[in-house]
Each structure stands twice: as structure tokens, then as C-alpha cells.
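One-letter residues, chain by chain:
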Amino acid sequence: MKIDRDQIVDTALTILNEVGIDGLSTRQIAQRLGVQQPALYWHFKGKRALLAAMNTEMLKRSHTRRTPLAGETWQEFLRANAHSFRSALLAWRDGARVHAGTEADPSDLDTIEAQLDCLCKAGFAPGQALETLIAIGRYVVGCVLEEQADAADPPERSNLDTAAESHPNLAQAIAHYRASGHEAFFEAGLELLIGGAEATRRQLKAP
């Protein structure tokens, strides 16, 4: 049976949602496709290359706001892009772990250029624009990584909360954290990053 890259990636994503990244193996993929494992290596040199292709496909399917809209401010774009990226990673089991450590696919260069252009037109230097995009992107990955780990194996919280009762500020902060949840804390952190980017932009534009 002849297989192609798209079939391998699609099968790998199906298995990922079934068993997670720790359970994903080339042996399982080959069995599901009805081929021998060496057949996969004609298309991917190893699991890292396969994960990179899976990441590209995940984002292609689920990341819907990758470029600025006409008339959109840079702040609006960063928020929309971050929300879309977060949703895309959450749409797949262990999505953040699949994405971590990957680089942009060459097919994404036009998209990245459009993102940078949005920020550069607002006064960012290209280097600072890329720093901003990377900072927010890594923030999204970290938040989703924590959220997906929490969902997979919720931590024991009663001991920490009880121990914190003798520390009034910490007890109040933990209560706020518990009541807010992942999404609210994600939004708060995103606004901090955008506010920091605004401060950087103003410094660059100052005489």
C-alpha cells in the first residue's frame, strides 16, 4: 500500500487525540495505515519531523486569525491572533506539547511578514515586532501547556489552600486564582504583554 505525507499526518493527529503525545508512536501509525514502520521514514526522518508536520497541520486546520484584518489596530490583531492560537492548541490533545520546540514552516513566511508589517506600520522596528510576536506566542503555549496538564491530571489543591490561610495576601491571591480560572488569567496576562509592547513602541517613537 502506497501512502503519502498527508495520510501519515492525518492518522497521527487522530491517534494523538486518542492516546496523547506520550502514547503516540510510529508503530501505531504504521499499524493504523497497514504498512511497515520503515515506510514512514521515506517521508519523515524521525518523530520530531513528524511532530513538526503535525503542528503545521493543526494550525492550518484550527488557527483562523493568523493575519491582520483591514483597518484593524495592532493591539486588536495581537489579541485576535493570541485567542485564535490558544483555541487552536486547545483543539488538540497535548496541542501545546506538539507545538513546543517547532519552528515556522516555510509556507508561513507570507503570514509572518504580514504580522510584522502590521506592527512595523505602528512604529515597531522589525526586531522588536518579532520579539513581541514571539513573547506572546510563547506565552500562549505556556498557558495552554499548564491548562492541558491541569485537565489531564488535576492537582491536589486542598493542602496548598489550607497551608496558605496563615499568609493573608497569598490566601486572598489563591482564592482569586481559583475563582478566575485559566481563561481569565490568560486574558489578564495577555493585556500585560500588550501593555508592555505599547510601552516599548512609545520608547521607540520618542525623539
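Thresholds, definitions, all that
Residue indices follow the written sequence of each chain, beginning from 1 at its first position. Two thresholds apply to this predicted model, a pLDDT of at least 70 for residue-level local features and 80 or more for giving and counting side-chain atom pairs, whereas whole-chain, interface and lining totals are computed over all residues. Side-chain measures here rest on the full set of heavy atoms in the structure, leaving out hydrogens and waters. By convention in these notes, a salt bridge is any Lys or Arg side-chain nitrogen within 4 Å of a carboxyl oxygen on Asp or Glu. Runs of E in the DSSP output that reach at least two residues are strands. Runs of H or I that reach at least four are helices, and both are numbered from the N terminus. Here the term buried applies to any residue with accessible area under 20% of the maximum for its type, exposed to any over 50%, and partly exposed to those in between, with areas from a 1.4 Å probe on protein chains only. Inter-axis angles, ranging from 0 to 180 degrees, are taken between N-to-C directions of lines fitted to C-alpha atoms, where helices are fitted over the stretch in contact. Here a crossing is called left-handed whenever its near helix is offset anticlockwise from the far helix by less than a right angle, and right-handed whenever the offset is clockwise. A contact between two residues is defined here by any heavy atoms of the two lying within 4.5 Å. Three classes are used: nonpolar for Ala, Val, Leu, Ile, Met, Phe, Trp, Tyr, Cys and Pro, charged for Asp, Glu, Lys and Arg, and polar for all others, with Gly counted as polar. UniProt positions are given in the numbering used here, feature names are shortened, and annotations may be inferred rather than shown by experiment.

Digging into the pattern of salt bridges
- What the rule picks out here adds up to twelve salt bridges.
- Two residues, Arg86 and Glu147, come together in a salt bridge whose shortest N-O distance is 3.0 Å. Pair noted here: Arg86 is in helix H4 (residues 74-90) and Glu147 is in helix H7 (residues 126-152), with a separation of 61 residues, a long-range link.
- Given a relative accessible area of 17%, Glu147 falls into the buried group.

Brief notes about the packing of H4 against H7
- One can describe the packing of H4 onto H7 by two numbers: an axis separation of 10 Å at closest approach and a directional angle of 35°. For H4 against H7, the interelement crossing comes out right-handed. Contacts between H4 and H7 involve Phe77, Leu78, Ala82, Phe85, Arg86, Leu89 and Leu90 from the first element and Thr132, Leu133, Ile136, Gly137, Val140, Val141, Val144, Glu147 and Gln148 from the second.
- Residues that form the contact of H4 with H7 fall into these classes: eleven nonpolar, three polar and two charged.

Examining the environment of Ile29
- Inspection of the secondary structure puts Ile29 in helix H2 (residues 26-33).
- For Ile29, a relative accessible area of 0% gives the class buried.
- With 116 residues separating them in the primary sequence, Ile29 and Leu145 have C-alpha atoms 24 Å apart.
- Every residue in contact with Ile29, bar those within four places of it in the chain, is listed here: Ile8, Thr11, Ala12, Ile15, Leu24, Leu40 and Leu50.

Considering the packing of H4 against helix H6 (residues 109-121)
- The geometry of H4 relative to H6 is characterised by a closest axis approach of 9 Å and an angle of 145° between their N-to-C directions. For the pair formed by H4 and H6, the contact residues are Trp74, Phe77, Leu78 and Asn81 on the first element and Gln115, Cys118 and Leu119 on the second.

Here we look at unusual backbone geometry
- Backbone geometry at Asp94 places phi at a positive 60°, although glycine is not the residue there.
- Here Asp94 shows up in the loop between H4 and helix H5 (95-99).
- Taking relative accessible area as the criterion, Asp94 reaches 18% and is therefore assigned buried.

With respect to the UniProt feature "domain: HTH tetR-type" (unreviewed entry) in the protein chain
- Mapped onto this numbering, the UniProt entry gives "domain: HTH tetR-type" (unreviewed entry) at residues 2-62.
- Regarding residues 2-62, the helix share stands at 64% and the strand share at 0%, and the terminal C-alpha atoms are separated by 28 Å.

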